[in-house]
Amino acid sequence: MTKVLIIGAGHAGGTAAALLRQYGHEGPIVLAGEEPAPPYQRPPLSKAWLKGEADLEALLLRPENFYAEHGIELRLGATATAVDAAAKAVTFADGTVETYDALILATGSAARKLNLPGADRPDLLELRTLADAEKLKAALEPGRRLAVVGGGYVGLEAAASARALGAEAVVIERMDRVLARVASETLSDFFTRYHRDHGVEVLTSAEVTEFEASGVRLADGRLIEADAVLVGVGAAACEQLAASAGLTCENGVVVDETARTSDTAIWAIGDVTWRPIPMHGGLRHRLESVPNALEQAKQAAAAITGRPAPAPEVPWFWSDQYDVKLQIAGLPLQAERQVLRGDPAAAAFAVFHLAGDLIVCVEAVNAPAEFMAGRQMIGRGTPVDAERLANPAVTMKAVAAG
Ligand code: FAD
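So, here's what we can say about the structure. (Residues numbered from 1 in each chain as written. Predicted model: local features only at pLDDT ≥ 70, side-chain atom pairs only at ≥ 80, totals over all residues. Heavy atoms only, no water.)

This part covers helix H1 (residues 11-22). Between its first and last C-alpha, H1 extends 16 Å over 12 residues, near the 16 Å set by a 1.5 Å rise per residue. The buried fraction of H1 amounts to 11 of the 12 residues, a majority that puts the element mostly inside the structure. Along H1, the residues classified as buried are His11, Ala12, Gly13, Gly14, Thr15, Ala16, Ala17, Ala18, Leu19, Leu20 and Arg21. Against the buried residues of H1 lie strand S1 (4-7), strand S2 (29-32), helix H3 (66-69), strand S3 (72-75), strand S7 (102-105) and helix H8 (290-304). Taken from the residues just after H1, Gly24 is the one with a positive phi, measuring 95°. (Helix = DSSP H or I, 4+ residues; strand = E, 2+ residues; numbered from the N terminus. Expected span 1.5 Å × (residues − 1). Buried < 20%, exposed > 50% of the residue type's maximum accessible area, 1.4 Å probe, protein only. Contact = heavy atoms within 4.5 Å.)

The local shell around the ligand holds 31 residues, among which Ala12, Glu35, Arg42, Lys47 and Asp271 are the closest. Here an oxygen atom of the ligand sits 2.8 Å away from a polar atom, N or O, in the side chain of Arg128. Between the ligand and the protein, one listed contact pairs an oxygen atom with a backbone N or O atom of Trp318 at 3.0 Å. Relative to its unbound accessible area of 990 Å², the ligand is 94% covered by the protein chains. Counting residues per element, the ones that place at least two in the shell around the ligand are H1, H8 and strand S22 (316-321). Broken down by element, the shell around the ligand gets its largest block of residues, 3 residues, from H8. Split into classes, the residues belonging to the shell around the ligand amount to 14 nonpolar, 10 polar and 7 charged. (Near = heavy atom within 4 Å. Polar contact = N/O pair within 3.5 Å; in protein donor to acceptor, adjacent residues only side chain to side chain. Areas by Shrake-Rupley, 256 points an atom, 1.4 Å probe, with all protein chains shown as cover. Nonpolar A, V, L, I, M, F, W, Y, C, P; charged D, E, K, R; others polar.)

Given below as structure tokens:
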């Protein structure tokens, strides 16, 4: 019977194990991960959990006894150190070796480090794991000041949660706007204003040059004082194991539409992959999102159990900050222009990115109808009339109907 070994017991790995059983796989499944906790969701670590609105139970993907009940051997605290693709065997840090017939690499991504003086200070915080989040939570007492280095989603969410807990927050961004790499200017401006309105100091074009005991030193000489410093400057694919197996890696492990790597017995899923996006002409991208982890878990489980490949999905993502629900579908990769619908000042609007008369991406702020319709139109390749799209008096249903 085919033995499936999954390395990385996070969102993608945990989901793949469950799906394999759901799809009828009867052989052994070993799910090995280096963290001590069973597979859990990371999104609440910067949101509900950080604010104390969700407990550990609520974070878990599935109850702890699910794995034993479904014949899934869960090896926690197990760090895989090398893959021997020829021998179909994985070595772990404790010296044990696990063989496989099919291997799924779901090792995720790790917080990027800055190569700056003081960047090795033990009191610097990052936010990737439950253990990281526990340290951050302990630092967020009322009146204490948190400096967040990096104005990306995780940093902004942490700043919003800090404010909810009564802590002060300052966000320090090197680029001239927050979310510069991942969002439109309209969205960046909106979130900058929203955070400032909630008492967060947002510094842009501000380059950190050193981490000091009392805070963060900027290139212009200013010291930004802080009781705690969170470094949130993105995440890099954990592709070392894949590289040890001789798999093709670029900005992550190169996979095809079925999540298969350059080795026919090895799949890779989730944050670690450099994957083609069918909705965007097969362009490759590294998607760091839960929907992507779920989609690729389905692809690998279907391929291993001999089921038809699932239909390609439109990439999507969400972020919660204060009372704002941001939902993004598609990628603005080939976009030529943007269409604004709604009013940023009213915190309810959507930015549509168009290539010709096709929507390729929608950024929706407190605008679920725009998100849902936009996502559908991206998936179906529905042509759109930009003028009607910009007019909130025309319903999204009518816009989609043409
Ligand atoms: P992970 O969930 O990171 O799991 C990878 C696992 O592999 C880890 O447990 C790691 O320890 C383990 N591992 C790595 N190397 C080894 C090894 N050699 N041996 C054994 N185990 C190993 N996405 C959204 O869509 N919406 C959000 O709002 C959102 N918010 C987020 C907030 C935070 C704070 C963070 C950190 C992420 C957020 N994300 C969000 C991203 C989302 O959580 C990830 O895209 C998702 O977890 C990816 O799943 P994964 O299984 O690929 O990686």
